[in-house]
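One letter stands for each residue in the lines below.
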Amino acid sequence: MRRKLVVGNWKMNGSLAQLSELGPIAAAARKSPGVDVAICPPFTLIAPARARASGMPIGGQDCHGKESGAHTGCVSAAMLKDAGARLVIVGHSERRAEQCESDKAVRSKAEAALKQGLQTILCVGESDKEREAGRAVTVVAAQLQGSLPQTAEGEGELVIAYEPIWAIGTGKVATPDDVAEMHAAIRAELKQLLAHRGATVRILYGGSVKGDNAAELFAVPDVDGALVGGASLTAAQFVPIVEAAGRG
Ligand code: PEP
């Protein structure tokens, strides 16, 4: 039985003042003991967020594939761990697009994060053009083949987030049927690539998840939780999603 996992991705948003949202989010997480809840703020807020999160895991939104070295502006998985992070998102579509991250680069980030024992959320997802062309499942399978870590080194948990690019920050949500089809395809691919481990990997859905659509999404087979952007910025919007996961 896979526990539900709900992760907030604050992207390039947030401030020390906004960390006040963490108290009520952590309280809601405590009231939903069957759900794992975490928040990934910008790097600068990881350490202070940890101090305000009452034990709720705090994570990063990216890491470098190397442990240290001449990589100006980058942060390694070891540094995230040192700052108190317990998880990291890798391969988010915004980074794949804006920072031109390849599957190969995403794989090295995921391997570095797992090696540090971080829970590693590996994002995949198709564009609207790819879906319209009937290629959504093929594209996502290719991303998994290209970016899934090849080593099982370390103790970090691998998690997959299916995030159709056209649903991120747009208010458009994939239909439960489309989500079911894709999550089943991802599960099949994971079993193919990871053998028996493929059945235990949690698969999150991400893309305009809100309090009013979360329950329907969590009821879909093989949806093990959500990666939430915009609606994770305030407790008022995020807590209902956590509560829906607790009921689902
Ligand atoms: C995301 O950034 O991972 C995301 C799913 O964003 P939103 O919930 O705002 O669509």
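That block above? That's the structure.
Residues numbered from 1 in each chain as written. Predicted model: local features only at pLDDT ≥ 70, side-chain atom pairs only at ≥ 80, totals over all residues. Heavy atoms only, no water.

Participant: Go over the pattern of salt bridges, please, and point to the residues and values.
Facilitator: Scanning the entire structure with this criterion turns up 15 salt bridges. Two residues, D62 and K109, come together in a salt bridge whose shortest N-O distance is 2.8 Å. Taken together, the residues D62 in the loop between β3 (59-60) and α3 (77-82) and K109 in helix α5 (residues 103-115) connect sequence positions 47 residues apart. Side by side, D62 and K109 carry an identical accessibility label, which is buried. Here the salt bridges do not stand alone but share partners, grouping R2, R187, D222 and D224 into one network. (Salt bridge = Lys/Arg side-chain N within 4 Å of Asp/Glu carboxyl O. Helix = DSSP H or I, 4+ residues; strand = E, 2+ residues; numbered from the N terminus. Buried < 20%, exposed > 50% of the residue type's maximum accessible area, 1.4 Å probe, protein only.)

Participant: Quick rundown of the layout of surface pockets? Include the residues and the values.
Facilitator: Considering only enclosed or pocket space, the largest pocket measures out at about 410 Å³ in volume. Along the walls of the largest pocket sit 14 residues, with K11, M12, Q61, R95 and Q99 positioned nearest its centre. The leading source of residues in the lining of the largest pocket is helix α4 (residues 93-98), at 3 residues. Within the lining of the largest pocket, the residues separate by chemical class into 4 nonpolar, 5 polar and 5 charged. (1 Å grid on protein atoms, 1.4 Å probe; cavity = no way out; pocket = protein on both sides within 12 Å on 5 of 7 lines; lining within 4 Å. Points joined across faces, edges and corners; volume = space filled by probe spheres on them. Nonpolar A, V, L, I, M, F, W, Y, C, P; charged D, E, K, R; others polar.)

Participant: Just give me the short version of the side chain of D62, but keep the residues and values in it.
Facilitator: In this structure D62 comes out as buried when scored by relative accessible area, which is 9%. Within the structure, the side chain of D62 is placed 3.2 Å from the side chain of R95, a separation counted as a polar contact. Once residues within four sequence positions are removed from consideration, D62 is found in contact with F43, L80, V88, I89, R95, E101 and K109. (Polar contact = N/O pair within 3.5 Å; in protein donor to acceptor, adjacent residues only side chain to side chain. Contact = heavy atoms within 4.5 Å.)

Participant: Account for the site of the ligand, naming residues and giving values.
Facilitator: Looking at the ligand, there are 14 residues lining it, with K11, E163, G169, S208 and G229 nearest. Take S208: an N or O atom from its main chain is 2.8 Å from an oxygen atom of the ligand. In this structure, an oxygen atom belonging to the ligand sits 2.8 Å away from a main-chain N or O atom of G229. (Near = heavy atom within 4 Å.)

Participant: How would you summarise the environment of A133 if you had to cite specific residues and measurements?
Facilitator: Among the secondary structure elements, A133 is positioned in the loop between α6 (128-132) and α7 (136-147). Taking the C-alpha atoms as reference, A133 lies 30 Å from D62; in sequence the two are 71 residues apart.

Participant: Any chance you could break down the side chain of R187 for me, citing the residues and the numbers?
Facilitator: Assignment of secondary structure puts R187 in helix α8 (residues 176-194). You can call R187 buried: its relative accessible area is 5%. The residues contacting R187, other than those within four sequence positions of it, are R2, G198, A199, T200, V201, I203, D222 and D224.

Participant: How would you sum up unusual backbone geometry? Please name residues and give values.
Facilitator: Glycine aside, the phi torsion of most residues is negative, and most peptide linkages are trans. Although it is not a glycine, C100 sits at a positive phi angle of roughly 50 degrees. Within the secondary structure, C100 is located in the loop between α4 and α5.

Participant: Run through the sheet that holds strand β5 (residues 119-124), naming residues and quoting values.
Facilitator: With respect to topology, 8 strands assemble into an open sheet ordered β2-β1-β8-β7-β6-β5-β4-β3, the strand pairing being parallel. The sheet is open, and its two edges are formed by β2 (35-40) and β3, each paired on a single side. Pairing of strand β6 (residues 158-162) with strand β7 (residues 202-206), which is carried by 4 bridges, proceeds in the parallel orientation. Bridge assignment links V159 to a residue of β7, and that residue is R202. (Pairing = 2+ DSSP bridges.)

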